[in-house]
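Structural features, examined
Given next are the chains, with one letter for each unit.
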Amino acid sequence: MPENKEARSPIHVGIIMDGNGRWAKKRGLPRKVGHWEGAKTFKTITRYSKDVGIRYLTYYAFSTENWKRPQDEVDALMDLFDKYLDEFDKFIKDKVRIRFIGDRTAFSQKIRDKMQQKEEISAQFTDLNLIICANYGGRAEITNAARLIAEDVKKGLIEPADITEELMQSKLYTAEIPPVDLIIRPSGEMRLSNFLIWQAAYAEYYFTDVLWPDFSKKDLDKAIEAYKNRDRRFGGV
Ligand code: FPP
């Protein structure tokens, strides 16, 4: 087991931004206000993650199931994405590489254009890799990978026997992104909710009752400290 605590810092952290609605409800405010506050936390925690040396940071921003929410809440989230996509320029100035994963065809052309533009202008940066899951679902991602592989088999490019875990990995949205080491879920819920289900095979989990809008730099420190004290064996002894 490595003795160097630094060596055991998580390389890839995933965050499920949960509890925005409850944060607002507790204050008698509309749910969208909780998302606005959650977006502020997103900015603070992203900047801080870079400072503490996290290399890959993936956020669950909008799932394939979130479309089922009331239309006014979906509209408020779309407005928020649109506004924050402009704010991403500040991260790009700090040499943050931005990527969006998920099925973006469901978003407006304006949002899709902005996503593509942020990805293109930050593509050469490596200080922090910021990955935003937007209209993302882990099962949809794996299903899509299976479809791509089936097409290659049909074209005669590969045989079924050539299908390996590495090949599956190469067809995921996260093809070039290392597996997630630590998944943080605030707000007291203890489930993965279709987030990075392939990539989290050996992830450590950190759950806290703090609601996402209240999640602070100290809470991230605590999650990293908890991670460092875990004994990761990857199926070994
Ligand atoms: C879950 O809380 C949160 C969401 C579905 C949306 C998260 C999105 C943001 C915080 C917007 C900022 C992100 C970017 C990339 C700009 P919930 O509504 O399920 O809370 P509840 O469980 O308390 O109801």
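Just so you know, these numbers come straight off a predicted model, no measurement behind them.

1. Here's the deal with the nonpolar core
In terms of nonpolar packing, the biggest core is built from 41 residues, with Phe 42, Tyr 59, Leu 130 and Ile 184 touching the most fellow members. Setting aside its immediate chain neighbours within four residues, Ile 184 contacts Val 13, Gly 14, Ile 15, Ile 16, Tyr 206, Phe 215, Leu 220 and Ala 223. In terms of nonpolar packing, the next biggest core, distinct from the first, is built from 15 residues, Tyr 56, Phe 195, Leu 196 and Ala 200 among them.

2. Here we look at the confidence of the model for the protein chain
In the predicted model, the protein chain carries a mean pLDDT of 95, and the fraction of residues at 70 or more is 97%. Every residue in residues 1-5 is under pLDDT 50, and counting partners more than four places away or in other chains gives five contacts.

3. Re the site of the ligand
Near the ligand there are 18 residues, and of these Met 17, Gly 21, Arg 22, Arg 31 and Arg 69 occur at the shortest range. Here an oxygen atom of the ligand sits 3.3 Å away from a polar atom, N or O, in the main chain of Gly 19. Here the ligand loses 92% of its free accessible area of 630 Å² to cover by the protein chains. The set of elements that each furnish at least two residues to the shell around the ligand consists of α1 (20-26), α2 (31-51) and α3 (71-93). The dominant element in the shell around the ligand, judged by the number of residues it contributes, is α2, at five residues. Grouping the amino acids of the shell around the ligand by side-chain chemistry returns eight nonpolar, six polar and four charged.

4. Focus on the side chain of Ser 187
By the element assignment, Ser 187 lies in the loop between β5 (182-185) and β6 (204-207). Ser 187 sits in the buried class, given a relative accessible area of 6%. Not counting residues up to four positions away in its chain, the partners in contact with Ser 187 are Asp 18, Gly 19, Arg 22, Thr 208, Asp 209, Val 210 and Leu 211.

5. Section: the environment of Leu 196
One can find Leu 196 in the loop between β5 and β6. The exposure class assigned to Leu 196 is buried, which follows from its relative accessible area of 1%. Sequence separation between Leu 196 and Tyr 60 is 136 residues; the distance between their C-alpha atoms is 9.0 Å. When neighbours within four sequence positions are excluded, Leu 196 is seen to be in contact with Thr 58, Ile 101, Tyr 136, Thr 174 and Val 180.

Rules used throughout
Residues numbered from 1 in each chain as written. Predicted model: local features only at pLDDT ≥ 70, side-chain atom pairs only at ≥ 80, totals over all residues. Heavy atoms only, no water. Core = buried A, V, L, I, M, F, W, Y, C linked by side-chain atoms within 4.5 Å. Buried < 20%, exposed > 50% of the residue type's maximum accessible area, 1.4 Å probe, protein only. Contact = heavy atoms within 4.5 Å. pLDDT = per-residue confidence, 0-100. Near = heavy atom within 4 Å. Polar contact = N/O pair within 3.5 Å; in protein donor to acceptor, adjacent residues only side chain to side chain. Areas by Shrake-Rupley, 256 points an atom, 1.4 Å probe, with all protein chains shown as cover. Helix = DSSP H or I, 4+ residues; strand = E, 2+ residues; numbered from the N terminus. Nonpolar A, V, L, I, M, F, W, Y, C, P; charged D, E, K, R; others polar.

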